[in-house]
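Secondary and tertiary structure notes
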Amino acid sequence: GAVVSQHPSWVICKSGTSVKIECRSLDFQATTMFWYRQFPKQSLMLMATSNEGSKATYEQGVEKDKFLINHASLTLSTLTVTSAHPEDSSFYICSARVFQGAVLTNEKLFFGSGTQLSVL
Amino acid sequence: DAKTTQPPSMDCAEGRAANLPCNHSTISGNEYVYWYRQIHSQGPQYIIHGLKNNETNEMASLIITEDRKSSTLILPHATLRDTAVYYCIVKIGGATNKLIFGTGTLLAVQP
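Computed from a predicted structure; not experimentally measured. (Residues numbered from 1 in each chain as written. Chains lettered and ligands numbered in written order. Predicted model: local features only at pLDDT ≥ 70, side-chain atom pairs only at ≥ 80, totals over all residues. Heavy atoms only, no water.)

Structural notes on the nonpolar core
In this structure, Val4(A), Trp35(A), Phe67(A), Leu79(A), Tyr92(A) and Leu117(A) are the most contacted members of the largest nonpolar core, which totals 26 residues. Broken down by secondary-structure element, the contributors of at least two residues to this core are β2 (10–13), β3 (19–25), β4 (32–38), β5 (45–51), β7 (67–73), β8 (76–81), β9 (90–99) and β11 (115–119) of chain A. Beyond its immediate chain neighbours, meaning those up to four positions away, Phe67(A) contacts Arg37(A), Met47(A), Tyr58(A), Val62(A), Leu79(A), Thr80(A), Val81(A), Asp88(A) and Tyr92(A). Ranked by size, the runner-up nonpolar core spans 21 residues in total, among them Ile48(B), Tyr86(B), Cys88(B) and Val90(B). (Core = buried A, V, L, I, M, F, W, Y, C linked by side-chain atoms within 4.5 Å. Buried < 20%, exposed > 50% of the residue type's maximum accessible area, 1.4 Å probe, protein only. Helix = DSSP H or I, 4+ residues; strand = E, 2+ residues; numbered from the N terminus. Contact = heavy atoms within 4.5 Å.)

The following block contains the structure:
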């Protein structure tokens, strides 16, 4: 299947600093990527949809100025957590959409391995 | 997108078939049934999806009832590495639609 590479796997930072997480599609082009967040023992929560060459679409309640998303190429989307605070500590996961053949309704999401962010 | 209901947890003996149920009684005609799983501290993994016909791939089989109001994911010979949270999601296919995760079923494969 398609490979999505996410980096770094884990990061520890001080409160008030910014952290950038990269998500790359290694063997395919991804016009759309998704960013999720997951707190311990909870399900994944969709944060935003990242579209190549245009602004990201954020889910209700997600601060766009705090979680900056850049999707400057067809293989790279980045999520920057600005001025991170302890409550931003979470598992962040990206995914990219792949369509099976020429059928636009036959799609799968491939996920990165996630980034564990700990803010001290 | 239609809501799904899954049992919070299930056990299965290693080597036996694991049958994970999912109810989606409000599913509409153009919504697909997707299954993903998440092994602890990893990103989710696509397993299988279908619209109305039963589907099988190298990982699992998906059985969808004729009225499409429920489905079952079958792992034919569960191994310890299949211990994970399994998510059943229904969504309309197409580029504008997002994958929204529910709470899933924690499958514990026992030795």
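Here's the deal with the interface of chain A and chain B
Taken together, the contact pairs 22 residues of chain A with 23 residues of chain B. Both sides of the chain A and chain B interface together cover about 1,600 Å² of buried area, and 52% of this is carbon and sulfur. Where chain A touches chain B, the interface holds zero salt bridges. The interface formed by chain A and chain B includes four residue pairs in polar contact (both at pLDDT 80 or more). At the level of elements, β4, β5, β9 and β10 (107–111) of chain A are the ones that each hand at least two residues to the side of chain A that touches chain B. (Buried area = accessible area lost by both parts, 1.4 Å probe. Salt bridge = Lys/Arg side-chain N within 4 Å of Asp/Glu carboxyl O. Polar contact = N/O pair within 3.5 Å; in protein donor to acceptor, adjacent residues only side chain to side chain.)

With respect to the environment of Arg81(B)
Residue and element names in this part refer to chain B. Considering the arrangement of structural elements, one finds Arg 81 in the loop between β7 (70–75) and β8 (84–92). Separated by 25 residues in sequence, Arg 81 and Leu 106 have C-alpha atoms that sit 13 Å apart. Excluding residues within four positions of it along the chain, Arg 81 makes contact with Arg 37 and Ile 39.

Observations regarding the state of the cysteines
Applying the stated criterion to the full structure yields two disulfides over all chains. Residue pairing for Cys23(A): its cysteine sulfur links by disulfide to Cys94(A), the two sulfurs lying 2.0 Å apart. Taking the sign of the torsion about the S-S bond as the criterion, the disulfide between Cys23(A) and Cys94(A), at about 80°, is right-handed. Taken together, the residues span a long stretch of sequence, with Cys23(A) in strand β3 and Cys94(A) in strand β9 at a distance of 71 residues. Across the pair, Cys94(A) and Cys23(A) agree in class, each one buried. Considering cysteine sulfurs only, Cys22(B) is the nearest to Cys12(B), which forms no disulfide, with 18 Å between them. Judged by its relative accessible area of 7%, Cys12(B) falls in the buried class. (Disulfide = S-S within 2.5 Å.)

As for the environment of Tyr87(B)
Of note, Tyr87(B) is situated in strand β8. Judged by its relative accessible area of 2%, Tyr87(B) falls in the buried class. As for Tyr87(B) and Gln6(B), which are separated by 81 residues in sequence, their C-alpha atoms are 8.2 Å apart. If we skip the residues at most four places from it in the chain, Tyr87(B) touches Gln38(A), Ser43(A), Leu44(A), Gln6(B), Tyr34(B), Trp35(B), Tyr36(B), Gln38(B), Phe101(B), Gly102(B), Thr103(B) and Gly104(B).

Observations concerning the layout of surface pockets
Within this model, the largest pocket holds a volume of roughly 630 Å³. Gln38(A), Pro40(A), Lys41(A), Gln42(A) and His40(B) are the residues nearest the centre of the largest pocket, which is lined by 23 residues in total. Contributing elements (two or more residues each) for the lining of the largest pocket: β9 of chain A together with β8 of chain B. Considering every element that reaches the lining of the largest pocket, the biggest residue donor is β8(B), with three residues. When grouped by side-chain class, the residues that make up the lining of the largest pocket number nine nonpolar, 13 polar and one charged. (1 Å grid on protein atoms, 1.4 Å probe; cavity = no way out; pocket = protein on both sides within 12 Å on 5 of 7 lines; lining within 4 Å. Points joined across faces, edges and corners; volume = space filled by probe spheres on them. Nonpolar A, V, L, I, M, F, W, Y, C, P; charged D, E, K, R; others polar.)

Concerning the pattern of salt bridges
Applying the stated criterion to the full structure yields three salt bridges over all chains. With a closest N to O distance of 3.5 Å, Arg24(A) and Glu22(A) form a salt bridge. Accessibility expressed as a relative area gives 24% for Glu22(A), which makes it partly exposed. Here Asp82(B) ties to Arg37(B) by a salt bridge, and the two come within 2.8 Å at their closest N and O atoms. A residue pair is termed long-range when its members are at least 10 positions apart, and Asp82(B) in the loop between β7 and β8 and Arg37(B) in strand β3 (residues 31–38) qualify at 45 residues. You can call Asp82(B) buried: its relative accessible area is 13%. When its relative accessible area of 10% is taken as the criterion, Arg37(B) is described as buried.

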